[in-house]
2 protein chains.
Amino acid sequence: MNIAVAQSGGPTCAINASLLGVFREGYKNSEIDAIFGSINGIEGMIEDNLINLKSIIRTSEDLELLRQTPSTVLGSCRYKLPDVDENSEVYEKIAKCFEKHMIDIFIYIGGNDSMDTVVKLSKYFEIKKLPYRVIGVPKTIDNDLPITDHTPGFGSAAKYVATTVHEIIRDSSVYSIDSITIIEIMGRHAGWLTASTCVLRAIGEEVPHLIYLPETDFDIDRFIEDIQREQAKHQAIIVAVSEGVDLSSIEGVQTDAMAGVDAFGHKFQNGVGKALEHIVSERIGCKVRSVELNVMQRCSSHLLSKTDIEEAEAIGSAGLRAALEGNTGKMMYFQRISDSPYETVIRMTDASNCANFEKKFPTKWINDSKNNVTDDAIDYFLPLIQGDINFITQNGLPRHFTGLKRS
Amino acid sequence: MNIAVAQSGGPTCAINASLLGVFREGYKNSEIDAIFGSINGIEGMIEDNLINLKSIIRTSEDLELLRQTPSTVLGSCRYKLPDVDENSEVYEKIAKCFEKHMIDIFIYIGGNDSMDTVVKLSKYFEIKKLPYRVIGVPKTIDNDLPITDHTPGFGSAAKYVATTVHEIIRDSSVYSIDSITIIEIMGRHAGWLTASTCVLRAIGEEVPHLIYLPETDFDIDRFIEDIQREQAKHQAIIVAVSEGVDLSSIEGVQTDAMAGVDAFGHKFQNGVGKALEHIVSERIGCKVRSVELNVMQRCSSHLLSKTDIEEAEAIGSAGLRAALEGNTGKMMYFQRISDSPYETVIRMTDASNCANFEKKFPTKWINDSKNNVTDDAIDYFLPLIQGDINFITQNGLPRHFTGLKRS
């Protein structure tokens, strides 16, 4: 029996650890011969662009490097399968690829758009009475997949964001002048990553002084008042703001200029931090700067959370085991048993429960003033950023797996 | 005898390690009683705003935390001493502070503006026949101080930049489309930090494919041609560009590209990365993005270079020893003995040799096409980013020294 695995959607620091989980589980299983990697997500299955992972991942060092390499070593895609009624040809191509390479199981590591592919493909195989099984393994730094307690990749992103915001606090408080630092954090529709900055309170910091999420309405006058209230107490104000905060209610904001559309047709905003910097600068007038954490949030593998990376590997392995047990059309997920001591179990659910849905940050964890999050949120986030891994370095820099170099 | 120490200029990751060096050297010296910290650089001496460091730094853990805390625990200033002819009052205030607290030695940790203060103050004391000694200890992430082989703070900044650019390469090469990523790196007048990204070649990466420094003229047509030439070889192009690259020769750049428009229709000044993103997007047309490494370059202490931090501490100690031996008006510096094995010695020079000068990145290390640096530069940079330190962490995050909390 052969299996295939692919990676999809936006990069994270843990998606190669899940690939490693699938690979290790497959490697030790005597029933499994070839482990194929599909290049650029499902596109590799459509175009018959596969590689034999056993010929690429050969040493124990390769395994270690894979764990510490950000992004997707197999490449990724933003391709979403059409409905089978609209275009059955693409499904036939995929089925042909399964048949040609004698693939029984396909593991798809991705977010909610990828789970849509898991649903559609497993349904197609069922209708066509083909024996192929498809299992989804979650990942996204946005942490917005339903059912699962959290998603692999999120913990490492949160660890990077908290560590960096902590350092920006120090950088912001050197001069004896009033200042406001606005930090823009990823999350177009869900504020999980921005909210996670509250973990700094668990190490005695009062910052960010203010946190704004896309889950609540944004009022610019209230925002200015919030800052002024904090300025009465502190000289250097730190504000964490989600990139998805909706500024469209502000008079004069050119929503068209700020709006963009991604490859799936999702609308998104650009430059919330910069826009707020200008407004605050005009209305308050002290030193204001905005910092965009940009792609570093999703690729800073030098700050991996050990918890995240171990879970990512474990859920990859569990995905393959679930497929071997005969399951298809499922997504693996974490159920949290307790915060402290932190304990989770891996379960599975119909991928249709997760496809195309976004899980928002809970309203119960947003304070009444809608400018910060509650302490309960700290208990949720804290276990996810724990632990460091030992890196294989060369010349002072962490090495990456480049057995399948993409440049 | 009492001594005082202050920190000045822009924050770095190593400036507290130099403070630690001064403190440790002073602490173990039985001749020295109080070690004062001057708050916000020389301003603290003018305004008699000192703290007794022995009452703040009390445990061996405090010393360790100081080493891993970015920015300046004593605060900083951008204040430059006026000429004594213009304003002698400020000098009299400083002398009064020395006298009041029985301070014999003042160690000033800073960049070339701070060395100007060392020069002026030591001259004033000499003329007034006051026995006070003033020694400068260098720091700056820009690495642009003359005489010294390199400056404390630069190595850690270079390590952060190389590690992060390495990760951005992985992030940039996931999709099967042509892309250009422009990374804007600090250095207004000197390209050292941007040039240091060449160390990635020492771990087998071909990136950045292109490197542009403020030391050479910038030609936008040549820039576009350079990118197109690289695109013939690679799908994902990485360009490192110094924030100080001069775009003023580009027709229309002031109105169209550098001057952005925010969500309110207000024009604002863009960084070179954003400006080049717009130009490249217009003229080449594939996916283009710019990433600004922003203040993270100077405050990401979680990626300290052990070499940098040990040298920063050593040169702080050496500064105090030099003052105890009777020197004044001097700046401590590193002389490199060899690249491999890496060896340096600490020497001293008249601070006037360093004040107000900027050391540019050497032309001999820039390639003929002015779009990259030579391999000799790798040998220079590589020793500076070596080694990691063990962090004291709490709840998964590196802790900071907050005995003198500034917020």
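Conventions adopted
Residues numbered from 1 in each chain as written. Chains lettered and ligands numbered in written order. Predicted model: local features only at pLDDT ≥ 70, side-chain atom pairs only at ≥ 80, totals over all residues. Heavy atoms only, no water. Helix = DSSP H or I, 4+ residues; strand = E, 2+ residues; numbered from the N terminus. Rg over C-alpha atoms; globule rule 2.2 N^0.38 Å. Buried < 20%, exposed > 50% of the residue type's maximum accessible area, 1.4 Å probe, protein only. Contact = heavy atoms within 4.5 Å. Areas by Shrake-Rupley, 256 points an atom, 1.4 Å probe, with all protein chains shown as cover. Lys, Arg positive; Asp, Glu negative; His and termini not counted. Charge placed at Lys NZ, Arg CZ, Asp CG, Glu CD. Expected span 1.5 Å × (residues − 1). Polar contact = N/O pair within 3.5 Å; in protein donor to acceptor, adjacent residues only side chain to side chain. Least-squares fit on C-alpha atoms with pLDDT ≥ 70 in both. Axes fitted to C-alpha atoms, helices over the stretch in contact; angles between N-to-C directions. Left-handed = near helix turned anticlockwise from the far one by under 90°. Pairing = 2+ DSSP bridges. Right-handed = clockwise from strand over helix to strand, strands pointing away. Patch = residues over 30% accessible without salt bridge, like charges linked within 9 Å, V, L, I, M, F, W, Y side chains within 5 Å. Salt bridge = Lys/Arg side-chain N within 4 Å of Asp/Glu carboxyl O. Phe/Tyr/Trp six-rings, centres within 6.5 Å; stacked < 30°, edge-to-face > 60°. Buried area = accessible area lost by both parts, 1.4 Å probe. Nonpolar A, V, L, I, M, F, W, Y, C, P; charged D, E, K, R; others polar. pLDDT = per-residue confidence, 0-100.

Draft legend 1. Here's a closer look at the overall build of chain A. When you go through chain A residue by residue, the secondary structure sums to 13 helices and 15 strands. Relative to the compact-globule value of 22 Å for 407 residues, chain A shows a C-alpha radius of gyration of 22 Å, a close match. When burial is assessed residue by residue, chain A has 64% of its 407 residues classed as buried. Sequence-distant contacts, at least 24 apart, represent 77% of the contacts inside chain A between residues at least 6 apart. A total of about 14,700 Å² of accessible surface is found on chain A, and carbon and sulfur atoms cover 43% of it. Positive and negative charge centroids in chain A, built from 41 and 57 side chains respectively, lie 4 Å apart.

Draft legend 2. Local environment of helix α5 (residues 112–127) of chain B. All names here are of chain B. With 16 residues, α5 extends 23 Å between its outermost C-alpha atoms, agreeing within 8% with the 22 Å of an ideal straight helix rising 1.5 Å per residue. Extensive coverage of α5 is indicated by the burial of 12 of its 16 residues. Taken together, the buried positions of α5 are N112, S114, M115, D116, T117, V118, V119, K120, L121, S122, Y124 and F125. In the core, the buried residues of α5 are packed alongside α2 (42–46), α4 (89–100), β4 (103–110), β5 (133–138) and β12 (330–338). Remark: K129 follows α5 within two positions and exhibits a positive phi of approximately 55°.

Draft legend 3. Expanded view of the side chain of T69 of chain A. Its location among the elements puts T69 of chain A in the loop between α3 (60–67) and α4 (89–100). Polar contacts involving the side chain of T69 of chain A include one to the main-chain amide nitrogen of F401 of chain A, which spans 2.6 Å. When sequence neighbours within four positions are dropped, the list of residues in contact with T69 of chain A reads C13, N16, R399, H400 and F401 of chain A together with R170 of chain B.

Draft legend 4. Up close: the relation of the copies chain B and chain A. Under the fitted operation, chain B is carried onto chain A by 0.0 Å of movement along the axis and a turn of 180°, and the coordinates agree to an RMSD of 0.1 Å. Taken together, the rotation and translation relating the two chain copies correspond to the operation of a two-fold axis. Here 90% of the contact residues of chain B are again contact residues in chain A; the copies associate through an equivalent surface.

Draft legend 5. Structural context of the packing of helix α8 (residues 220–231) of chain A against helix α10 (residues 272–283) of chain A. Residues and elements named next belong to chain A. Look at α8 against α10: their axes get within 11 Å of each other, and the N-to-C directions meet at 65°. Handedness of the crossing formed by α8 with α10: right-handed. Touching I220, D221, F223, I224 and I227 of α8 are L276, I279, V280 and R283, all from α10.

Draft legend 6. Structural context of the pairing of β4 of chain B. All names here are of chain B. Within β4, seven of the eight residues are buried, leaving the element largely enclosed by the surrounding structure. Note that strand β1 (residues 2–7) and β4 share six bridges and pair parallel. Looking at the pairing, Q7 lines up with I109 of β4. Bridge analysis of β4 against β5 gives six bridges, and the strand direction is parallel. Each bridged residue has a counterpart across the sheet, and for Y108 the counterpart in β5 is G136. Taken together, β4, α5 and β5 form a β-α-β motif whose crossover is right-handed.

Draft legend 7. Structural context of a negative patch on the surface. A cluster of like negative charges, contributed by D217, D219, E225 and D246 of chain A, occupies part of the molecular surface. On the accessibility criterion, D246 of chain A (41% relative accessible area) is partly exposed.

Draft legend 8. Spatial organisation of the packing of aromatic side chains. All names here are of chain A. For the structure shown, the criterion picks out 38 aromatic pairs over all chains. Residues W192 and F381 carry aromatic rings whose centres are separated by 6.4 Å and whose planes lie at 85° to one another, so their mutual orientation is edge-to-face. Taken as a pair, W192 in helix α7 (residues 192–195) and F381 in helix α13 (residues 375–381) lie far apart in primary sequence, 189 residues in all. On the accessibility criterion, W192 (3% relative accessible area) is buried. By relative accessible area, which is 1% here, F381 ends up buried. Within the aromatic cluster, the residues linked to one another by ring pairs are Y91, F98, F106, Y108, Y124, F125 and Y132.

Draft legend 9. A look at the interface of chain B and chain A. Across the boundary between the two partners, chain B contributes 71 residues, which contact 75 residues of chain A. Between chain B and chain A, a total of about 5,700 Å² is buried, with carbon and sulfur atoms accounting for 55% of that surface. Counting across the chain B and chain A interface gives two salt bridges. In this structure, D171 of chain B engages R298 of chain A in a salt bridge whose closest nitrogen and oxygen atoms are separated by 2.8 Å. Between the two partners, chain B and chain A, sit 29 residue pairs in polar contact (both at pLDDT 80 or more). Broken down by element, the side of chain B that touches chain A gets its largest block of residues, 10 residues, from helix α6 (residues 154–172) of chain B. By residue class, the composition of the side of chain B that touches chain A is 27 nonpolar, 30 polar and 14 charged.

Draft legend 10. Molecular detail of the sheet that holds strand β13 (residues 343–350) of chain A. Residue and element names in this part refer to chain A. Read across the open sheet, the seven strands follow the order β3-β2-β1-β4-β5-β12-β13; overall the sheet is mixed. Both outer strands of the open sheet, β3 (50–52) and β13, are each paired with one neighbouring strand and no more. In this sheet, neighbouring strand axes are inclined to one another by 30° on average, regardless of whether the strands run parallel or antiparallel. Contacting β1 (2–7), β2 (35–38), β4 (103–110) and β5 (133–138), helix α1 (residues 15–27) runs over the sheet at an angle of about 175° to β1.

Draft legend 11. Focus on the confidence of the model for chain A. Residues and elements named next belong to chain A. Chain-level pLDDT for chain A is 93 on average; 95% of the residues reach the 70-or-more range. In the model, residues 255–269 has pLDDT below 50 throughout and makes 32 contacts with residues more than four positions away in sequence or in other chains. Per the prediction output, this complex has pTM 0.95; the corresponding ipTM is 0.95.

Draft legend 12. Region of the structure containing the pattern of salt bridges. Tallying each qualifying case throughout the model produces 48 salt bridges over all chains. For the salt bridge of K120 of chain B with D83 of chain B, the shortest nitrogen-to-oxygen distance reads 3.7 Å. Here the residue K120 of chain B occupies a position in helix α5, and D83 of chain B occupies one in the loop between α3 (60–67) and α4, the gap between them amounting to 37 residues. Through salt bridges with shared partners, one network takes in R24, E64, R67 and E313 of chain A.

Draft legend 13. Representation of unusual backbone geometry within the structure. In this model, V207 of chain A is joined to P208 of chain A through a cis peptide bond whose omega is -10°. If you trace the backbone, P208 of chain A turns up in the loop between α7 and β7 (210–212). Positive phi, normally seen in glycine, also occurs at S71 of chain B, with a value near 70°. Summarising the element assignment, S71 of chain B is placed in the loop between α3 and α4.

Draft legend 14. Main features of the environment of P152 of chain A. In this structure, P152 of chain A sits in the loop between β5 and α6 (154–172). Taking the C-alpha atoms as reference points, P152 of chain A and Y333 of chain A, separated by 181 residues in sequence, lie 9.6 Å from one another.

Draft legend 15. Expanded view of the sheet that holds strand β6 (residues 179–185) of chain A. Residues and elements named next belong to chain A. Read across the sheet, four strands follow the order β7-β8-β6-β11 without closing on themselves; strand pairing throughout is parallel. A strand with exactly one partner marks an edge of an open sheet, and here the two such strands are β7 and β11 (287–292). Pairs of neighbouring strands in the sheet enclose a mean axial angle of 15°, with direction left out of account. Pairing geometry for β7 and strand β8 (residues 236–242), over three bridges, is parallel. Opposite L210, over in β8, you have V239 as the bridge partner. Against the sheet, α8 touches β6, β7 and β8, its axis set at about 160° to β7.

Draft legend 16. Structural detail: helix α12 (residues 306–324) of chain A. Residue and element names in this part refer to chain A. Look at α12: 27 Å from first C-alpha to last across 19 residues, which is about the 27 Å you get at 1.5 Å a residue. The buried fraction of α12 amounts to 14 of the 19 residues, a majority that puts the element mostly inside the structure. Directly after α12, the chain includes G326, whose backbone phi takes a positive value near 105°.

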